[in-house]
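This is what each chain is made of:
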Amino acid sequence: MKTLFLAWQDSAATRRWFPIGRLDADVAKSNYRFGYTRGAELAHRDAGLEPLDAFPDFTEKYRSSELFPLFKNRVVTPDRTDFADYLRQLDLDPNADPLEILAVTGGTRQTDSLEVFPKIHRSPKGGFQCKFLLHGWRHVNPAAQERLAMLQPGNPLVVAIELNNPVSGLALQLETPDYHVIGWTPRYLVNDLVKVIAESPSRVSARLLQTNPAPAPAKQRYLICLQGHWPDQYEPMSGEEFQPFASPSRVAPYLRKKAQVRRGKKVRKKTKR
C-alpha cells in the first residue's frame, strides 16, 4: 500500500499550507481510497477551505478502481515522446506508476493551490530515505548558483534549520560543505526533521543524486536524496493534521450541515437530469 498526502495553500491570505487529505493505493489490485484529514478541518476553520469539487464531502471515504482524476491529471502521460527522459530525470524505473511520480514531483499546477507529497515511513530499524527536487535554487545568490553548478552526483550536502525564512518562517536549507546555501527541502519535511536535527544533526544527511541539464525544466534541474534515522519511538507524519477526519457523528455541527447541503444539491442536480 502506497500513501500520498494532499496539501492545500491559503494563497489568498496567510500563504500557510495544510495537509488536507490522504490517498492510499494498492496499485497492483486497482484499489484507491481517499479521505480528508483533520488538516482539512483546521484549514476550514482558520482559512475558509471548502470541500474540493472532486471530493465534495469532508466526512466521506472515497473509493475507486482507478486513480482519482484530481491526482491522475497531475502526472505526465506515458504517450508523450519525452516520457522516458522524464522518468530518468526523476531517477525512476521505466515502469514507475503515477504515485511514484507524484511522490517526487509534487504534482503542482498553476491552476490551483494543491500539492502532493509522500508519507515518510519509518523502517524497522528507524531509518528513512526520500528523494525530491531541489526547491528555490534560482533564488539563491549568484555565488551559490555557481557553486551548485559545480556539484557532481554523490556530492554531500548539509541540512540546516533556517529560523527566519521570509516565506515560511521555519525552513530547512541545503548547504554545500563550504557553506553555500543552494536551496531548500520541500515543506512537508520541515516539521518532522527540525525535531530530529535539533536533537542530533548527525542523524540526517543529504547528497546530490543527479543534475538534469536543459532542456529539462528548471524546477527539475537538481534531484536530491535525503536519509537519516528517527529517534526511538518517533513516528513521522503522525500529528493531528495527518489523522483521519472525524466521523460524521463527531464532526463539528457547522461542517456536518454543510456536507448535508452539498449532498442535497448533488441529488437535486441528478434528479433534474
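Structure's up top.
Residues numbered from 1 in each chain as written. Predicted model: local features only at pLDDT ≥ 70, side-chain atom pairs only at ≥ 80, totals over all residues. Heavy atoms only, no water.

Draft legend 1. Up close: the sheet that holds strand β1 (residues 2-9). Spatial ordering of the open sheet is given by β4-β3-β2-β1-β5, a layout of five strands whose pairing is antiparallel. The open sheet terminates on both sides in strands that have one partner only, identified here as β4 (61-64) and β5 (114-118). On average, adjacent strands in this sheet sit at an angle of 25 degrees to one another, irrespective of strand direction. Two elements, strand β2 (residues 17-26) and strand β3 (residues 31-36), share six bridges in a ladder whose sense is antiparallel. Counted as the bridge partner of alanine 25 is tyrosine 32 from β3. Packed onto the sheet, helix α1 (residues 38-47) meets β1, β2 and β3 and runs at close to 155 degrees relative to β2. The strands touched by helix α4 (residues 98-105) within the sheet are β1, β2, β3 and β5, with β1 carrying the most contacts at an inclination of about 45 degrees. (Pairing = 2+ DSSP bridges. Helix = DSSP H or I, 4+ residues; strand = E, 2+ residues; numbered from the N terminus. Axes fitted to C-alpha atoms, helices over the stretch in contact; angles between N-to-C directions. Contact = heavy atoms within 4.5 Å.)

Draft legend 2. Summary view of the nonpolar core. One finds Leu6, Ile20, Phe34 and Phe71 to be the most contacted residues of the largest nonpolar core, which totals 42 residues. Looking at this core element by element, the count peaks at five residues for α4. Not counting residues up to four positions away in its chain, the partners in contact with isoleucine 20 are Leu6, Ala7, Trp8, Tyr36, Thr37, Gly39, Ala40, Ala43, Leu49, Leu52 and Leu114. (Core = buried A, V, L, I, M, F, W, Y, C linked by side-chain atoms within 4.5 Å. Buried < 20%, exposed > 50% of the residue type's maximum accessible area, 1.4 Å probe, protein only.)

Draft legend 3. Structural context of the pairing of β1. Counted residue by residue, β1 has seven buried out of eight residues, so it is predominantly covered. Relative to β2, β1 runs antiparallel, the two sharing eight bridges. By the bridge assignment, leucine 6 is partnered in β2 with glycine 21. Pairing of β1 with β5 involves five bridges; the strand directions are antiparallel. What sits directly across from alanine 7, in β5, is glutamate 115.

Draft legend 4. How the structure looks around the packing of aromatic side chains. Following the criterion strictly, the structure yields 16 aromatic pairs and no others. Centre to centre, the rings of phenylalanine 5 and phenylalanine 242 are 4.9 Å apart; their planes meet at 70 degrees, and the pair counts as edge-to-face. Here phenylalanine 242 lies in the loop between β11 (222-229) and α7 (253-272) and phenylalanine 5 lies in strand β1, a separation of 237 residues in the sequence. A residue is classified by how much of its surface remains accessible, and phenylalanine 242, at 12% relative accessible area, is buried. The interplanar angle of 10 degrees and the centroid separation of 5.0 Å between the aromatic rings of phenylalanine 117 and tyrosine 188 together place this pair among those described as stacked. With a gap of 71 residues between them, phenylalanine 117 in strand β5 and tyrosine 188 in the loop between β9 (181-184) and α6 (190-199) connect regions that are remote in the sequence. (Phe/Tyr/Trp six-rings, centres within 6.5 Å; stacked < 30°, edge-to-face > 60°.)

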